[in-house]
Structure formats: C-alpha cells, structure tokens
Amino acid sequence: MNWVQLVGSLIAILGLAGIAHLLKLGESRISDAAKAREMAEDMLAGFEARAAIVSSDGNAALVAGNGAIAVLKRHGAKVAARRLLAPLHIRPAIEGVEVETGERLFGRVILLGVIDDDVRGLEASLTRV
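Residues numbered from 1 in each chain as written. Predicted model: local features only at pLDDT ≥ 70, side-chain atom pairs only at ≥ 80, totals over all residues. Heavy atoms only, no water.

S.K.: Run through the overall build of the protein, naming residues and quoting values.
M.R.: Along the backbone of the protein there are three helices and seven strands. When its helices and strands are written in sequence order, the protein yields α-α-β-β-β-β-β-β-β-α. Computed over its C-alpha atoms, the radius of gyration of the protein comes to 19 Å, more than 25% above the 14 Å expected for a compact globule of 129 residues. Once the C-alpha set of the protein is aligned to its principal axes, its extents read approximately 70 × 30 × 25 Å. For the protein, buried positions account for 34% of its 129 residues. For the protein, contacts bridging at least 24 residues in sequence account for 43% of all contacts bridging at least 6. Put simply, the protein shows about 8,200 Å² of open surface, and 58% of that area lies on carbon and sulfur atoms. Charged side chains in the protein number 15 positive and 15 negative. The centres of these two groups are separated by 4 Å. (Helix = DSSP H or I, 4+ residues; strand = E, 2+ residues; numbered from the N terminus. Rg over C-alpha atoms; globule rule 2.2 N^0.38 Å. Buried < 20%, exposed > 50% of the residue type's maximum accessible area, 1.4 Å probe, protein only. Contact = heavy atoms within 4.5 Å. Areas by Shrake-Rupley, 256 points an atom, 1.4 Å probe, with all protein chains shown as cover. Lys, Arg positive; Asp, Glu negative; His and termini not counted. Charge placed at Lys NZ, Arg CZ, Asp CG, Glu CD.)

What follows is the structure in structure tokens.
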C-alpha cells in the first residue's frame with residue numbers, strides 16, 4: 001500500500017464519519033422532556049405523554065401518560081421503552097434514583113440528578129384530573 005492509498009482511505013473514513021454526524025446517526029441521547037415525550041409516544045402504541053423527567057446524563061427518562069408511565073432507556077445506539085403501572089418500585093441510587101422495571105432483559109433504570117420526590121410527583125400526576 002502506498003501513501004496515496006493510505007491518505008485517500010483516511011479521507012474517505014473521515015468523510016463518512018462526518019456525514020453520519022450530520023445526519024445524527026447513532027445519536028440516542030434523550031436531550032430534554034419534550035424529546036422524551038415524543039419518543040414515548042412514538043414507541044408505545046396509544047401512549048399520550050403528559051409530563052416527563054429526564055436523567056441528567058440523557059441515558060434514561062420517565063414519562064407520565066394516559067394511566068401509565070413510560071420508562072425510556074438508552075440501549076446502544078437506540079432507545080428502548082417499556083410501559084409501567086404505578087406504583088413504581090424505586091430506591092435511592094448514587095446521585096439519583098433507581099427504578100426497577102420488573103423485566104429481567106430490560107433491567108433497572110437509573111435516573112441521575114433526580115430525587116424520589118420528583119418520581120413520586122410524576123406518579124401522582126396520573127391520578128389528578
């Protein structure tokens with residue numbers, strides 16, 4: 001392999017990486033509450049999102065909806081969602097709250113920068129008229 005091929009290959013790789021970045025491919029960060037609500041409605045059939053709490057690192061979110069709570073969790077380059085019914089099984093975690101989903105494959109969800117009262121307030125919003 002000569003230097004021209006090596007430089008050409010590097011330029012091609014960087015170009016493809018730049019295009020992927022511009023198209024936001026592989027970006028699954030849950031940036032804010034509006035994005036979390038949108039994701040929950042898109043992933044769960046019939047779900048109508050109302051309020052959301054997002055982890056400070058963008059890896060997880062809880063979204064209150066019509067009678068249920070959607071749990072969003074980053075899973076590689078995608079976001080996975082599950083529908084849970086109140087009351088949620090939560091416990092304090094380092095720098096946040098841990099929510100137990102009851103599903104072995106989905107696992108627990110840790111919301112950094114969130115306190116128990118925030119989660120309980122989200123649960124309480126399900127019963128308000």
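S.K.: Give a detailed account of the sheet that holds strand E4 (residues 78-84), specifying residues and quantitative values.
M.R.: Remark on secondary structure: sheet strands pair via backbone hydrogen bonds, oriented parallel or antiparallel. The four strands lie next to each other as E1-E2-E3-E4, forming an open sheet whose pairing is antiparallel. The two strands at the open ends of the sheet, each matched to only one other strand, are strand E1 (51-54) and E4. Strand-to-strand twist across the sheet, computed as the mean angle between neighbouring axes with direction ignored, equals 20°. Alignment of strand E3 (residues 69-75) against E4, held across seven bridges, turns out to be antiparallel. Within the sheet, the bridge partner assigned to His75 lies in E4 and is Lys78. (Pairing = 2+ DSSP bridges. Axes fitted to C-alpha atoms, helices over the stretch in contact; angles between N-to-C directions.)

S.K.: Lay out the pattern of salt bridges in plain terms, naming residues and giving numbers.
M.R.: Under the definition given, this model contains four salt bridges. Between Arg82 and Glu103 there is a salt bridge; the shortest N-O distance is 3.0 Å. In this pair, Arg82 sits in strand E4 while Glu103 sits in the loop between strand E6 (96-100) and strand E7 (109-112), placing the two residues 21 residues apart along the sequence. Given a relative accessible area of 29%, Arg82 falls into the partly exposed group. A salt bridge links Arg91 to Glu98, with the nearest nitrogen and oxygen atoms 2.6 Å apart. In this structure Glu98 comes out as buried when scored by relative accessible area, which is 12%. (Salt bridge = Lys/Arg side-chain N within 4 Å of Asp/Glu carboxyl O.)

S.K.: Report on the packing of aromatic side chains, specifying residues and quantitative values.
M.R.: Applying the stated criterion across every chain, the model contains zero aromatic pairs. The ring of Phe106 is capped by Lys73, whose NZ or CZ atom sits 5.3 Å from the centre of that ring. (Phe/Tyr/Trp six-rings, centres within 6.5 Å; stacked < 30°, edge-to-face > 60°. Lys NZ or Arg CZ within 6 Å of the ring centre and 35° of its normal.)

S.K.: I'd like to hear about a nonpolar patch on the surface, residue by residue, with values.
M.R.: Taken together, the side chains of Leu16, Ile19, Leu23 and Leu25 make up a nonpolar region of the molecular surface, amounting to roughly 440 Å² of accessible area. With respect to the helices, strands and loops of the structure, Leu25 is situated in the loop between helix H1 (3-22) and helix H2 (33-43). (Patch = residues over 30% accessible without salt bridge, like charges linked within 9 Å, V, L, I, M, F, W, Y side chains within 5 Å.)

S.K.: Could you give an account of H2, naming the residues involved and the relevant values?
M.R.: Where H2 is concerned, the buried positions are Ala36, Met39 and Ala40. Projected onto a plane normal to the axis of H2, the buried residues spread over an arc of 100° and lie on a single side. As for H2, its buried residues are in contact with E1, strand E2 (60-64), E3 and E4. (Arc of directions from axis to C-beta.)

Remember, this is a structural readout, not a statement about activity or role.
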